[in-house]
Amino acid sequence: MRWSTPSFASATLRWRVALCLGLSIAFGDLPGQTVEIWRAQSQNAPENPSQFGTIAVIDSKDVLSLESDVVVANTTLLAQNEPLSPSEFNPDPGASQREQPETPEAPELFPPILPQLPEYGQEALPRSLQLPRKGTREVVPRRKKLEYETYPQAEEGEGLLPSSQPAPNRWFIGFGRWKRYADPSTETPYQSDLHLWHPYLQSKLKGDAPIIDQDIFLNITAEDFFQFEARKLPTPSGVSTARPNSSEFFGLSDQEFWSNDFSIGIDLFKGETAFKPIDWALRLLGVYNHNYIDVEERNVVNPNPQNGTTREKEFWSLQEAFAEIHLRDLSNNYDFISLRVGMQPFVSDFRGFIFNDTNLGIRIFGNYDNNRWQYNLAAFDMREKDTYSDLNEFDPRKQQVYVANVFRQDLIWKGYTGELTFVGDFDNNSRHYDKNGFITRPAPIGTVVDHYLQAYYLGWTGDGHIGWLNIDHAFYQVLGEDGLNGIAGRRVDINAQMAALELSVDKDWMRHKLSIFYASGDSDPADSHATGFDTVFDRPFFIGGPFSFFSHQGFNLAGTAVNFKQRDSLVIDFRTSKSEGQANFVNPGAVIFGYGFDADILPKLKSFINVNYIRTVTTETTELVLFTNKASNDFALDCSAGFEWRPLLTDNIILTAGAGFLVPRWGYKDIYRANTVPVFGFPGPPPGHVDPFLYSAIVTLTLTY
């Protein structure tokens with residue numbers, strides 16, 4: 001038992017009482033002997049102990065019954081041969097002799113701030129416990145791959161308990177009958193019935209239950225994607241213009257276009273994907289396309305002006321057809337390596353800046369170290385694309401693309417993932433005419449000769465957040481050679497760069513974004529060095545994506561048979577076609593500064609607003625191609641807005657609509673008209689007509705079942 005010293009006892013009193021108590025206990029260890037205890041009577045104790053008051057003489061058997069005002073100097077008194085209870089046992093006897101801190105008379109005005117605890121995983125450890133530890137053994141848990149057990153006797157009805165029946169397949173055991181509300185039409189969870197075509201409840205046709213044994217599943221997806229566009233593009237009038245006296249080879253520019261893709265995808269796979277990769281998989285995706293375009297100028301949809309200004313086409317394609325097999329597990333946490341062969345989709349980086357396509361290839365992929373590392377090794381033998389869409393044809397093309405990338409989830413910045421990428425593009429000598437009859441390889445500009453192209457891309461990209469700041473960046477360096485560039489008229493060495501950065505901040509239901517995109521240009525197009533950046537097959541979602549006019553639309557370069565830029569691309573490359581042409585690294589480059597605003601207006605409704613300023617890096621290539629000495633880097637201003645609506649709060653029905661506007665500036669006007677401001681006193685032809693603005697309105701409807 002322990003008694004605490006009252007606050008009025010002085011240090012001298014404590015020492016003397018402890019001394020007397022110790023002497024009394026030392027000489028009085030037999031039953032019946034007495035112990036003298038001084039009773040403190042006043043706070044200011046005199047030096048003479050007789051002034052303390054009465055000295056009580058008690059038996060040692062009654063020590064534990066002392067009154068609360070007796071001073072024992074924080075010493076624990078034990079009755080002879082009486083053990084302490086566990087709650088009273090003190091493993092540190094010296095702790096009772098430490099002087100207790102005095103309680104302050106009044107609370108401090110500014111109490112000390114407690115130090116912040118370190119983050120989990122960063123606590124300070126003594127050197128003996130820091131990793132790597134010496135002289136320790138690693139305890140490796142024994143992992144066993146669980147397989148489905150078979151019970152042949154139970155399936156035959158033997159050895160069953162009364163009133164029971166065998167259930168060899170656990171997927172069809174079902175849930176107990178339970179209803180949340182009296183009316184089951186409102187909500188009835190835990191429904192076990194299998195339906196054939198129901199989009200939400202369990203069905204064998206959408207992978208909710210196996211169709212063979214207990215781990216072979218079938219998933220059938222039907223989708224219809226409808227797209228309508230109304231746009232104004234700079235359109236060459238040609239020799240048979242629809243508008244008489246069209247100046248500077250450009251005529252009416254309004255166009256209407258719609259396209260419908262109906263696709264059916266079939267996935268057959270073995271394995272439960274909740275905790276481990278699939279064992280094997282087969283996928284087929286067939287697409288039927290029907291499209292129509294109406295323009296106002298001839299020579300656009302066909303070289304023959306007698307074919308008019310409209311075109312309607314339909315065709316089908318086997319867009320995806322691949323097999324996947326699980327090779328092996330690399331760790332006990334299902335880090336794996338798998339192989340995929342066939343027509344398959346692949347994106348080389350987070351935003352699809354370099355390669356974003358579906359084509360014939362072989363791919364090895366997987367992860368490691370608890371999914372902190374992810375990797376891909378892929379090789380594609382490119383197929384030709386259909387002229388009317390990006391769907392694959394069965395015709396081979398003399399082009400191979402090799403991709404190797406590795407992802408790393410950073411341990412310091414928890415929400416950031418970095419990626420290192422290598423892309424090799426080998427485009428050999430070939431000649432190709434599209435279905436409209438126009439030549440696409442080689443490009444009909446400058447020296448038109450079949451030539452090979454070898455380009456090697458090295459890139460570092462990242463996506464995630466560092467604290468409150470969302471960051472998405474990319475940098476690529478491309479090296480290689482072009483056997484004979486048409487604009488340069490000679491063999492050129494490739495050395496170009498690309499960089500992109502998007503910073504965004506989330507505030508409640510809003511996101512503010514700042515973006516910058518840079519693709520280097522060629523300041524000396526006639527030398528042996530090609531420093532303009534171009535891609536393999538890009539489709540980036542950046543600066544507004546499909547709503548942005550500059551990003552989504554592709555338009556022709558004035559007075560030539562090549563495009564100023566490609567559809568669904570950001571680079572200005574003077575290339576005939578992204579899908580059927582060859583990359584061109586002699587180009588003016590591009591710089592884009594943008595601001596974006598995304599808002600989750602409702603759980604079912606999202607909106608997107610973007611404003612971008614576009615410049616070219618150099619003007620020398622433009623001046624050489626157009627035979628002019630007047631060109632400006634100040635190209636255009638791009639503004640766009642759009643929304644996405646999901647009426648069922650799922651992806652079964654998605655409606656998107658938006659519009660983008662391009663306001664031309666001096667760089668655009670210098671390209672699309674030969675004359676600028678006429679010189680006073682010298683008569684000349686009037687300057688060519690330039691549209692005050694270009695627009696692109698798009699509406700898409702996606703139905704998925």
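Rules used in this analysis
Residues numbered from 1 in each chain as written. Predicted model: local features only at pLDDT ≥ 70, side-chain atom pairs only at ≥ 80, totals over all residues. Heavy atoms only, no water. Helix = DSSP H or I, 4+ residues; strand = E, 2+ residues; numbered from the N terminus. Contact = heavy atoms within 4.5 Å. Pairing = 2+ DSSP bridges. Buried < 20%, exposed > 50% of the residue type's maximum accessible area, 1.4 Å probe, protein only. Polar contact = N/O pair within 3.5 Å; in protein donor to acceptor, adjacent residues only side chain to side chain. pLDDT = per-residue confidence, 0-100. Core = buried A, V, L, I, M, F, W, Y, C linked by side-chain atoms within 4.5 Å.

Novice: Residue-level account of the environment of Ala530, with values.
Specialist: Within the secondary structure layout, Ala530 lies in strand 18 (residues 529-530). Remark: the alpha-carbon pair of Ala530 and Asn584, spanning 54 residues in sequence, is separated by 8.7 Å. Ignoring anything within four residues of it in the chain, the contact list for Ala530 reads Val492, Asp493, Ile494, Asn495, Asp522, Phe585 and Val586.

Novice: Go over the pairing of strand 9 (residues 373-385), please, and point to the residues and values.
Specialist: Here strand 8 (residues 356-368) pairs with strand 9 via eight bridges, running antiparallel. Considered in strand 9, the bridge of Gly366 is made with Tyr375. With antiparallel pairing between neighbouring strands as the criterion, strand 8 and strand 9 make up a hairpin whose turn holds four residues, including Asp369 at a positive phi of roughly 55°. One ladder, built from 11 bridges, connects strand 9 with strand 10 (residues 392-409); its direction is antiparallel. Looking at strand 10, one finds that Asn376 is bridged to Asn405. Counting the residues that bridge the hairpin from strand 9 to strand 10 gives six residues.

Novice: Go over the side chain of Gln344 with me, naming the residues and quoting the values.
Specialist: Tracing the sequence through the fold places Gln344 in strand 7 (residues 336-347). The class for Gln344 is buried, based on a relative accessible area of 0%. Within polar-contact distance, the side chain of Gln344 engages the backbone oxygen of Gly361 at 2.9 Å. Among all residues touching Gln344, those that are not within four sequence positions of it are Phe322, Asp357, Thr358, Asn359, Gly361, Ile362, Arg363 and Phe380.

Novice: Would you mind going over the confidence of the model for the chain in detail, with residue names and values included?
Specialist: Per-residue confidence for the chain gives a mean pLDDT of 80; residues scoring 70 or more make up 73%. Scored below 50 in pLDDT, residues 1-81 makes 99 contacts in the model with residues more than four places away or belonging to other chains.

Novice: Let's hear about the nonpolar core: which residues, and what values?
Specialist: One finds Phe353, Tyr457, Phe517 and Phe533 to be the most contacted residues of the largest nonpolar core, which totals 59 residues. If one sorts the elements of this core by residue count, strand 16 (residues 490-507) sits on top with five residues. Residue contacts for Phe533: discarding those within four places in its chain leaves Ile354, Tyr457, Tyr476, Val478, Ala496, Gln497, Met498, Ala519, Ser520, Val571, Phe585 and Asn587. Counting residues in hydrophobic clusters, the runner-up holds five residues, among them Leu285, Val287, Phe315 and Leu391.

Novice: Please give an account of unusual backbone geometry that cites residues and values.
Specialist: Along the chain, Arg441 connects to Pro442 via a cis peptide bond; the corresponding omega equals -10°. Examined against the element boundaries, Pro442 turns out to sit in the loop between strand 13 (439-441) and strand 14 (453-466). Of note, the phi angle at Asn371 is positive, near 70°, even though the residue is not glycine. Within the secondary structure, Asn371 is located in the loop between strand 8 and strand 9. Classification of Asn371 by relative accessible area gives partly exposed; the value is 30%. A positive phi is found at Asp568, a non-glycine position, where the angle reads about 55°.

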